[in-house]
Each structure stands twice: as structure tokens, then as C-alpha cells.
Amino acid sequence: MKDINILHSEPFILLITIGAYYLGNLIHRRFKYPFTNPLLIAITVLIPLLLVLDIDYPTYEKGSHAISMLLSPSVIALGYALHKQIGHLKGNVCRILLAITAGSIVGVLSVVGVCYMMGTPHLLMVSMEPKSVTIPIALGITERMGGLAPLTAITVFICGIFGNIVGPWFLKTIGVTSPLAQGLALGAASHGVGTARAMQLGQLQGAIAGMAIGLMGVWTAVVVPLVEYCLS
């Protein structure tokens, strides 16, 4: 019983979480491939480990809450980063708003189109529509529209990881070299995980991506109900 309590304790859960991400960083620095993403490796290590140790999600969530608490300061840090880069927004406000508007509409309609082609039930479709916004906002949209919160969370997470891994390569392949455009694309399409990748590209990309998270969340919260109204 004592061993089980230790395995379910907060220090142990924090240790394996930080250790898994540290291992992912080591592998990524060694091989430098897109699919050696530290977060992806950490997840690949953590999920089997939690299953073997019989640590359920509520226990893991409670044990790792110290890491979750760091999300709020990170948002403030993104705001400060944007403040330092505010000069780059001059003359580009209309373009940014147009890009975010287009991104939110395409993000939702792409899900609707694919789901219709595959004959996906409406409940599943509405749960995946807010795939491109950060989880707290996506869950709020899903609950309002009567979707499945667990499916929304998984879809958002997969979208973020995919954008983090593939996004920079894809932007480079199609010739997008503007730091402003890169930051907008990663933040709008892949929310927080994409913003973390944008930060690695440069301070401007990271700051703009952080701004795109908020704008994308606001617009998507408007677009999803409108799309559902038109489909009803």
C-alpha cells in the first residue's frame, strides 16, 4: 500500500512528467527530425508508463497541477512578448484580422466538409469543429453546442501536435517566409502547441502566434454557432 501511495503522489507524477519531456528534448537535440518532437515523445513515453503503474487520469491531473498552474504566467509572457513587437502590427491590422477571419471559417468548414463526405454523425462533427482553438475555449464551445468534450480535447491536441511538427516545414515548402505570416499561421491553426514552435522560429513569430490564439478563439466562438444554424 505504501508503494502505491508513492506512485500516486504528486512528486512522483511530476518527476515522470518532467523526466519524459526531458528525454524528449534529448532525443530531439540528437536527431533534429520533425517527428522527434519533445512533446510527442513525452506523450509516447507517459501513456504506457501510466497504464503500467495503474495511474488513472484524475490522479495524474491532480498530481501534475503544478505544471498546469504555469499556463497563466505563460499567457502573460506571451502578452509581454507581443508588447515588445507591437511596432510590427502597424499597417498590418486589417491583414491580420482578415487572415484570422478566413482561418476560423476554413478551420470550421474543413471539419464540416470532411465529416459530410465520411457520413460522420452530427454529434461527432460538432465536437471536432473547434479543433483549431486552445482547449479551454474549444471545450466551452463544445459544451454550448452539445458536443463531446473528451473528443474535442483529443482533436484539439492532435491538431496542435500536427501543426507543431508539420507547420514550419509546410510553410517553408510553399514559400511563406514572412515572420508575421508564419506566426499567424502557427498560432491560428495549432494554438498553444503551435505557438511554442513559433517561439523557436523567432520572437516575432512567437508573439504574433500568441495573439492569434486569442483572436482565433473569439472568431471561432462566433463561427461555430453560425455554421450550426445554417446547417439546421
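Relevant structure appears above.
Residues numbered from 1 in each chain as written. Predicted model: local features only at pLDDT ≥ 70, side-chain atom pairs only at ≥ 80, totals over all residues. Heavy atoms only, no water.

Novice: Residues and numbers for helix α11 (residues 179–201), please.
Specialist: The end-to-end C-alpha distance of α11 is 8 Å, clearly below the 33 Å that 23 residues give at a rise of 1.5 Å each. Along α11, the sharpest kink reaches roughly 145°, centred on H191. (Helix = DSSP H or I, 4+ residues; strand = E, 2+ residues; numbered from the N terminus. Expected span 1.5 Å × (residues − 1). Bend = angle between axes of the 7 residues up to and from the residue.)

Novice: So what's going on with the packing of helix α9 (residues 135–145) against helix α12 (residues 203–231)? Which residues, and what values?
Specialist: The geometry of α9 relative to α12 is characterised by a closest axis approach of 10 Å and an angle of 20° between their N-to-C directions. Taken together, α9 and α12 sit at an angle that is classed as roughly parallel. Pair α9 / α12 crosses with right-handed handedness. Every residue of α12 that contacts α9 at I137, I141, R144 and M145 is listed here: G217, T220, A221, V224, P225 and E228. Of the residues contributing to the contact of α9 with α12, the split by class is six nonpolar, two polar and two charged. (Axes fitted to C-alpha atoms, helices over the stretch in contact; angles between N-to-C directions. Parallel < 35°, antiparallel > 145°, perpendicular 65-115°, else oblique. Left-handed = near helix turned anticlockwise from the far one by under 90°. Contact = heavy atoms within 4.5 Å. Nonpolar A, V, L, I, M, F, W, Y, C, P; charged D, E, K, R; others polar.)

Novice: Residue-level account of the side chain of S132, with values.
Specialist: By the secondary structure assignment, S132 is in the loop between α8 (122–128) and α9. Of the residues examined, S132 reaches a relative accessible area of 8% and is grouped as buried. A polar atom in the side chain of S132 sits 3.0 Å from the side chain of K131. Leave out the neighbours within four places in its chain, and S132 touches C159, A188, A189, H191 and M216. (Buried < 20%, exposed > 50% of the residue type's maximum accessible area, 1.4 Å probe, protein only. Polar contact = N/O pair within 3.5 Å; in protein donor to acceptor, adjacent residues only side chain to side chain.)

Novice: An account of unusual backbone geometry is needed here, citing residue identities and associated values.
Specialist: For residues that are not glycine, phi is negative in most cases, and the peptide bond is trans in most cases. Positive phi outside glycine occurs at D54, with the angle close to 60°. Structurally, D54 can be placed in the loop between α3 (38–52) and α4 (57–63). D54 gets classed as exposed once you look at its relative accessible area, which sits at 61%. We note that H191 has phi near 40°; this positive angle belongs to a residue other than glycine. Here H191 lies in helix α11. On the accessibility criterion, H191 (5% relative accessible area) is buried.

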